[in-house]
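Chain residues, written in single-letter form:
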Amino acid sequence: MNITIIGTGYVGLVTGACFAEMGSNVTCVDIDKEKIENLKKGILPIYEPGLENLVMQNCKEGTLNFTTSLEQASKKSNIFFIAVGTPPGEDGSADLQYVLQVAKEIGQNIKDYSVIVDKSTVPVGTAGKVKSTIQTELDKRKTKIDFDVVSNPEFLKEGAAVNDFLKPDRIVVGADSKTAAKFMKRLYAPFSRNREKIILMNVRDAEMTKYTANSMLATKISFMNEISNICERLGVDVENVRKGIGSDSRIGYSFIYPGCGYGGSCFPKDVKALIETSRRTGFEPDLLNAVETRNNLQKQVLSSKIIKKFGSDLSDKTFCMWGLSFKPGTDDIREASSAVIINDLINCGATIKAYDPVAMIQAKKEFPATWFEKNQLICEKNQYQAIENTDALILVTEWKTFRQPDFQLMADTMKKLIIFDGRNQYDPEEVDEAGFEYHGIGREIDFKIDKGS
Ligand SMILES: NC(=O)c1ccc[n+]([C@@H]2O[C@H](COP(=O)([O-])OP(=O)(O)OC[C@H]3O[C@@H](n4cnc5c(N)ncnc54)[C@H](O)[C@@H]3O)[C@@H](O)[C@H]2O)c1
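Residues numbered from 1 in each chain as written. Predicted model: local features only at pLDDT ≥ 70, side-chain atom pairs only at ≥ 80, totals over all residues. Heavy atoms only, no water.

What about the overall build of the chain?
Alright, step 1. Within the chain one finds 20 helices and 14 strands.
Alright, step 2. A principal-axis box enclosing the C-alpha atoms of the chain has dimensions of 85 × 45 × 45 Å.
Alright, step 3. With 453 residues in all, the chain has 54% of them scored as buried.
Alright, step 4. By sequence separation, contacts in the chain at least 24 residues apart represent 73% of the contacts at least 6 residues apart.
Alright, step 5. Charge centroids of the chain, computed over 58 positive and 62 negative side chains, lie 6 Å from each other. (Helix = DSSP H or I, 4+ residues; strand = E, 2+ residues; numbered from the N terminus. Buried < 20%, exposed > 50% of the residue type's maximum accessible area, 1.4 Å probe, protein only. Contact = heavy atoms within 4.5 Å. Lys, Arg positive; Asp, Glu negative; His and termini not counted. Charge placed at Lys NZ, Arg CZ, Asp CG, Glu CD.)

What follows is the structure in structure tokens.
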């Protein structure tokens, strides 16, 4: 099959590389000239495990190509994936300007019956807008060409995107025409070898499914963060509570880890967008509002603990931050908790020495330049260099390399032996034995009391 993917970001590039891997001819289109030039040279714009190999291999075999010209790509294609960004607008609703711009260009360029697939996360009703935008362009061309708009939301996880795409749990397809549904089944057949993965529904149901999935996961996270705050005030260890409830198969262990808030390009914006969609129907979504509020507050839990410990004048304090990306396995720092914590501490005069295995390049591009210019935020070459002469360690992203650190080496080089564990990665008892004071999320364990001293 000849496929055109428009938007070569996390979703578009992974989608393109994976379809090429399964034997389709794929052209990835992006308006960002530099991104396309780099991709042609084999330089990827993002870090994603396994992606570089897939891109290189399929480029070499000629099944994966890159261009800035949708006109060029559309000459040999009759399936178009829209995978551009849908950032939040001022009121929190999804900004559809990029999606509709692409729809317009598709309408200007299609030659034959085409299937247009909304892969971007878009609110209910967007496929209808895409359809009328394309139709308007066809009318301007005075051409009659049949086409279908399909919703095929993407459920990949950054950090495991290639694997998720190649071995999906499910493929949600919203199609209002039998022809388009058949087309999509054929397209995804190589991904459904061991069982049928496609869940077929109508277009609006599919659009809603994506928002519901992300909002459900965000709700689980915010729920557990709320519980962690209650636990902390009751002197209860939330980690024991987590294990206690996760063992119930109706609840399960996934997405109930307390932490310092969810980030990334999806959960925050998708919860906001669903809130706005709901409001527009006249329904105030109280639960989703609370999920968002809890998350915003949760991002400040660590900085509050630090200020409580050291006071609000931190001008003579230096902290080490391990992890900048919003989660391990990715260099994506969009809406990351790290930015909120750094900002809070810098506002109190602190200096931060940070280390992240892959996200430091991105941080230098996206965090405020003044943080670096004024040496308020310093990126170090490795995790132990970052910890030297610091007053505390703040763990923000649970990268594997931070899981079992050399506490002895840390104790030898740190000024004060204090850990603020934003992901509850460490065993407080082990940390205490190594001579460190421990502050977790929902686990402020006072070992002095436990030991009866
Ligand atoms: N990142 C994720 O983990 C993830 C997962 C599932 C769904 N999604 C959804 O997928 C969509 C894309 O997300 P992303 O993270 O890949 O975004 P991204 O910002 O990484 O990439 C979007 C790309 O689209 C390009 N673009 C914008 N306008 C264009 C145009 N007119 N023509 C060609 N290219 C254009 C941009 O230059 C950019 O490279 C969003 O709706 C997002 O919510 C993202």
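Examining the side chain of His439
Alright, step 1. Its place among the elements puts His439 in strand 14 (residues 437-439).
Alright, step 2. Once residues lying within four places of it in the same chain are set aside, the contact partners of His439 are Lys305, Lys309, Ile418, Ile419, Phe420, Asp421 and Glu444.

Quick word on helix 1 (residues 10-21)
Alright, step 1. Its 12 residues give helix 1 an end-to-end C-alpha distance of 17 Å, which sits within 8% of 16 Å, the value for a rise of 1.5 Å per residue.
Alright, step 2. Of all 12 residues making up helix 1, 10 are buried, and the element is well covered by its neighbours.
Alright, step 3. Where helix 1 terminates, the next one or two residues include Gly23, which has phi positive at roughly 105 degrees. (Expected span 1.5 Å × (residues − 1).)

Focus on the nonpolar core
Side chains of nonpolar character tend, in soluble globular proteins, to be buried together.
Alright, step 1. Ranked by size, the top nonpolar core spans 52 residues in total, and within it Phe319, Trp322, Leu324, Phe367 and Tyr426 carry the most contacts.
Alright, step 2. With near-sequence residues (within four places) excluded, Tyr426 lies in contact with Trp322, Leu393, Leu395, Phe402, Arg403, Pro405, Phe407, Ile419, Asp421, Val431, Tyr438 and Arg443.
Alright, step 3. Counting 41 residues, the second-largest nonpolar core is a separate cluster that includes Leu44, Leu54, Val173 and Met184. (Core = buried A, V, L, I, M, F, W, Y, C linked by side-chain atoms within 4.5 Å.)

Structural notes on a negative patch on the surface
Alright, step 1. A cluster of acidic residues, Asp427, Glu429, Glu430 and Glu433, forms a negative patch on the protein surface.
Alright, step 2. Along the chain, Glu429 falls in helix 19 (residues 428-433). (Patch = residues over 30% accessible without salt bridge, like charges linked within 9 Å, V, L, I, M, F, W, Y side chains within 5 Å. Areas by Shrake-Rupley, 256 points an atom, 1.4 Å probe, with all protein chains shown as cover. Salt bridge = Lys/Arg side-chain N within 4 Å of Asp/Glu carboxyl O.)

Focus: the site of the ligand
Alright, step 1. Every one of the 26 residues lining the ligand counts as a neighbour, but Asp30, Lys35, Thr86, Glu158 and Lys269 are closest to it.
Alright, step 2. The separation between an oxygen atom of the ligand and a polar side-chain atom of Lys269 is 2.6 Å.
Alright, step 3. With the chains in place, 89% of the 830 Å² that the ligand exposes on its own is no longer accessible.
Alright, step 4. Mapped by element, the contributors of at least two residues to the shell around the ligand are helix 1 and helix 5 (97-109).
Alright, step 5. Looking at the shell around the ligand residue by residue, the class counts come to 10 nonpolar, 8 polar and 8 charged. (Near = heavy atom within 4 Å. Polar contact = N/O pair within 3.5 Å; in protein donor to acceptor, adjacent residues only side chain to side chain. Nonpolar A, V, L, I, M, F, W, Y, C, P; charged D, E, K, R; others polar.)

Comments concerning the pattern of salt bridges
Alright, step 1. Taken as a whole and assessed by the stated rule, the structure comprises 25 salt bridges.
Alright, step 2. A salt bridge links Arg334 to Glu158, with the nearest nitrogen and oxygen atoms 3.9 Å apart. Here the residue Arg334 occupies a position in the loop between strand 9 (318-322) and helix 14 (337-347), and Glu158 occupies one in the loop between strand 6 (147-151) and helix 7 (161-166), the gap between them amounting to 176 residues.
Alright, step 3. One salt bridge connects Glu239 with Arg242, and the closest N-O pair in it is separated by 2.8 Å. Taken together, the residues span about one helical turn, with Glu239 and Arg242 both in helix 10 (residues 238-246) at a distance of 3 residues.
Alright, step 4. Overall, the relative accessible area of 5% leaves Glu239 in the buried class.

Focus on the packing of helix 5 against helix 6 (residues 126-141)
Alright, step 1. Between helix 5 and helix 6, whose axes approach to 8 Å, the crossing angle comes to 35 degrees. For helix 5 against helix 6, the interelement crossing comes out right-handed. Each of Val99, Leu100, Ala103, Lys104, Ile106, Gly107, Gln108 and Asn109 in helix 5 lies in contact with helix 6, whose residues at this interface are Thr126, Lys129, Val130, Thr133, Ile134, Glu137, Leu138 and Arg141. (Axes fitted to C-alpha atoms, helices over the stretch in contact; angles between N-to-C directions. Left-handed = near helix turned anticlockwise from the far one by under 90°.)

Digging into the sheet that holds strand 9
Alright, step 1. Read from one edge to the other, the open sheet built from 6 strands follows the order 11-10-9-12-13-14, with strand pairing classed as parallel. Looking at the sheet topology across the chains shown, the edges are occupied by strand 11 (377-379) and strand 14. When strand polarity is set aside, the average angle formed by the axes of neighbouring strands in this sheet is 20 degrees.
Alright, step 2. Sitting on the sheet, helix 13 (residues 301-310) touches strand 9, strand 12 (392-395), strand 13 (418-421) and strand 14, and the angle it makes with strand 13 is about 155 degrees.
Alright, step 3. On the sheet, helix 14 packs against strand 9, strand 10 (351-355), strand 11 and strand 12 and is oriented at approximately 180 degrees with respect to strand 9. (Pairing = 2+ DSSP bridges.)

Notes on the environment of Arg141
Alright, step 1. You can see Arg141 is positioned in helix 6.
Alright, step 2. Residue classification places Arg141 among the partly exposed residues on the basis of a relative accessible area of 31%.
Alright, step 3. Linking Arg141 and Asn109, residues 32 residues apart in sequence, is a C-alpha distance of 9.7 Å.
Alright, step 4. Every residue in contact with Arg141, bar those within four places of it in the chain, is listed here: Gly107, Gln108, Asn109 and Ile110.
Alright, step 5. Reaching out from Arg141, the side chain makes a polar contact with the backbone oxygen of Gln108 at a distance of 3.4 Å.

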